[in-house]
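Here are the chains, one letter per residue:
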Amino acid sequence: MPNPLQLIREQQAMNRLDYAKKQRSQQESDDAQQQLTGRILGGNAEQGATMVQLDGGGVVPCQSVTSGNLKAGSAAIVTLNGSKAWVDGMPN
């Protein structure tokens, strides 16, 4: 019969390993993110996205992550991670 204390120690070690892997994955994901600034152009009903004109050029369809109303012409922060983009309002 297995030793109950040894089983608990092994489970705790596995839990710590899983936690460390998740933390590393989250850090790598955070490191891959970019934050850019731009201006809200408006919504695109076909894509279900908020269109943002970036200050550096280009237009990006974004998912809105704010409960506030993003008005056309207002400043915004765009967070890019791979092929996904999110937009949040930014004070002027």
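Here the structure is shown first, and the text comes after it.
All chains use their own residue numbering, which begins from 1 and follows the written sequence. Only residues with pLDDT of 70 or above have their local features reported here, since the model is predicted, and side-chain atom pairs are shown and tallied only from 80 upward, although totals for entire chains, interfaces and linings are computed over all residues. Only hydrogens and water are set aside; all other atoms, that is, all heavy atoms of the structure, feed into the side-chain values.

Student: I would appreciate a short explanation of the overall build of the protein in the present structure.
Tutor: For the protein, the count of helices and strands is 1 helix and 5 strands. The numbering of helices and of strands both runs from the N terminus, where a helix is a DSSP run of H or I of at least 4 residues and a strand a run of E of at least 2. Overall, the protein shows an N-to-C arrangement of helices and strands of α-β-β-β-β-β. Only C-alpha atoms enter the radius of gyration, while the globule expectation follows 2.2 Å times N to the 0.38, with N the number of residues. For the protein, the C-alpha radius of gyration of 21 Å lies well beyond 12 Å, the compact-globule estimate for 92 residues. With the principal axes as the frame, the protein shows a C-alpha extent of 70 × 25 × 25 Å. Throughout this description, buried means an accessible area under 20% of the type-specific maximum (1.4 Å probe, protein chains only), exposed means over 50%, and partly exposed covers the range between. Across the 92 residues in the protein, those meeting the buried criterion constitute 20%. Carbon together with sulfur atoms contributes 51% to the accessible area of the protein, which is approximately 6,900 Å² in total. Two residue types count as positive, namely Lys and Arg, and two as negative, namely Asp and Glu; His and chain ends fall outside the count. Charge placement uses NZ in Lys and CZ in Arg. For Asp and Glu, CG and CD serve respectively. Distance from the positive charge centre (8 side chains) to the negative charge centre (8 side chains) of the protein: 6 Å. Working definition of accessibility: Shrake-Rupley area with a 1.4 Å probe, residue cover restricted to the visible protein chains.

Student: Sorry, what's going on with the sheet that holds strand β5 (residues 84–89) here?
Tutor: Two pairing modes exist for strands in a sheet, parallel and antiparallel, and in both the strands are linked by backbone hydrogen bonds. One bridge is not enough; two strands pair if DSSP finds at least two bridges between them. With mixed pairing, the 5 strands of this closed barrel are ordered in space as β1-β2-β3-β5-β4. Strand-to-strand twist across the sheet, computed as the mean angle between neighbouring axes with direction ignored, equals 50 degrees. Relative to strand β4 (residues 75–81), strand β1 (residues 34–44) runs antiparallel, the two sharing 6 bridges. Paired with Leu36 across the strands is Val78, a residue of β4. Axis lines are fitted through C-alpha atoms, for helices just across the contact stretch, and the angle between N-to-C directions can take any value from 0 to 180 degrees.

From the geometry alone we can't say anything about function, so treat these as descriptive.
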